[in-house]
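Below are the chains, spelled out letter by letter.
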Amino acid sequence: MEFVWRKCLYRASKNCLEYIIPPLLQPLKRPAFLTRGAATAKGKVQPKKKNVVRKKTLKPAKAPSATRTAETERAKAMIQSCMNAPTPVRYLKKKDRLREIEREKLGLISKERQRELDMEKEKKKQANKEKPTTDKREELDVVKLGIFDKDEIEIPSFELTVEEGKRLAKEYSRVLMRDLRKSQAEETMRLQLKNEAIAALPLRLREAALVPNFTPFPKNRHRAYLTPPIEGYDQK
């Protein structure tokens, strides 16, 4: 009887140690992150493996091609032009426009006005490029214009050397300067005669003559002719 009792006590204690007590002690175990190593089957603790960071080998950068560089520059220029795009028509009040005209007379031009002038120059260049270019000599060719027949006129051919061309250019320059001085002298004479005529007027008329008259010339008047016109020329 005693043997049976001991056997029952042994089984009860064994079942208690295997199935009841371990679940109760599970929360009291040491956390896994505090353990230095994991226990093996033989009871030895293995050291924790270190994380090795592998260095990436950088490949040499390829040189950009010429086409890609040109495209990049074109894109940058386009972005810059869009960022700094001026207004097509700049609005100015009458007072500001008069002030700008006075500044231009003094040689002071603002950036906005300079941009407008540059845009006008570009438009003129584009218009000149679009116009068909013709040779002036062909335009002034009397044979092609039909003024003379090829058999009626004999066009001389000139062959000039460099020295003769320079001599003719100097002579042509002298003729132009002579004509310019002559026209300047005539203009000076006209102004002198005008001032003398105004000075000879009475005081009342002199004050009225000194006021400039900007009234446009009447359209029904024509300039003076050296010879009388042909009768009935305006009725044809």
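(A) Geometry of the overall build of the protein chain. Counting secondary structure elements, the protein chain contains seven helices and zero strands. Each helix (α) and strand (β) of the protein chain, taken in turn from the N terminus, gives the series α-α-α-α-α-α-α. Counting all 236 residues of the protein chain, 2% fall into the buried class. Expressed as a percentage of contacts within the protein chain between residues at least 6 apart in sequence, the contacts between residues at least 24 apart total 9%. Of the roughly 25000 Å² of accessible surface on the protein chain, 59% is carried by carbon and sulfur atoms.

(B) Examining the pattern of salt bridges more closely. Scanning all chains against the criterion turns up six salt bridges. Arg113 is the partner of Glu116 in a salt bridge, and the nearest nitrogen-oxygen pair spans 3.1 Å. Residue Glu116 and its partner Arg113 are located together in helix 4 (residues 111–130), separated by three residues, close to a single helical turn. Between Arg174 and Glu171 there is a salt bridge, with the nearest N and O atoms lying 3.0 Å from each other. In this pair, Arg174 and Glu171 both sit in helix 6 (residues 162–200), three residues apart, roughly one turn of the helix.

(C) Focus on the side chain of Glu100. Checked against the element boundaries, Glu100 lands in helix 3 (residues 94–105). By relative accessible area, which is 12% here, Glu100 ends up buried.

(D) A look at helix 3. If you check helix 3, its first and last C-alpha atoms are 17 Å apart, about what twelve residues at 1.5 Å a residue would give, namely 16 Å. Of the residues flanking the end of helix 3, it is Gly107, one or two places downstream, whose phi is positive at about 90°.

(E) Fine view of the environment of Asn213. Tracing the backbone through its elements, the reader meets Asn213 in the segment after helix 7 (203–209). At 2.7 Å, the side chain of Asn213 and the side chain of Thr215 are in polar contact.

(F) Geometry of the confidence of the model for the protein chain. In this model, the protein chain carries a mean pLDDT of 75, and residues with pLDDT of at least 70 account for 57%. By mean pLDDT, the top-scoring element of the protein chain is helix 6 (93), and the lowest-scoring one is helix 5 (residues 136–139) (52).

Scoring rules and cut-offs
- Residues numbered from 1 in each chain as written.
- Predicted model: local features only at pLDDT ≥ 70, side-chain atom pairs only at ≥ 80, totals over all residues.
- Heavy atoms only, no water.
- Helix = DSSP H or I, 4+ residues; strand = E, 2+ residues; numbered from the N terminus.
- Buried < 20%, exposed > 50% of the residue type's maximum accessible area, 1.4 Å probe, protein only.
- Contact = heavy atoms within 4.5 Å.
- Areas by Shrake-Rupley, 256 points an atom, 1.4 Å probe, with all protein chains shown as cover.
- Salt bridge = Lys/Arg side-chain N within 4 Å of Asp/Glu carboxyl O.
- Expected span 1.5 Å × (residues − 1).
- Polar contact = N/O pair within 3.5 Å; in protein donor to acceptor, adjacent residues only side chain to side chain.
- pLDDT = per-residue confidence, 0-100.

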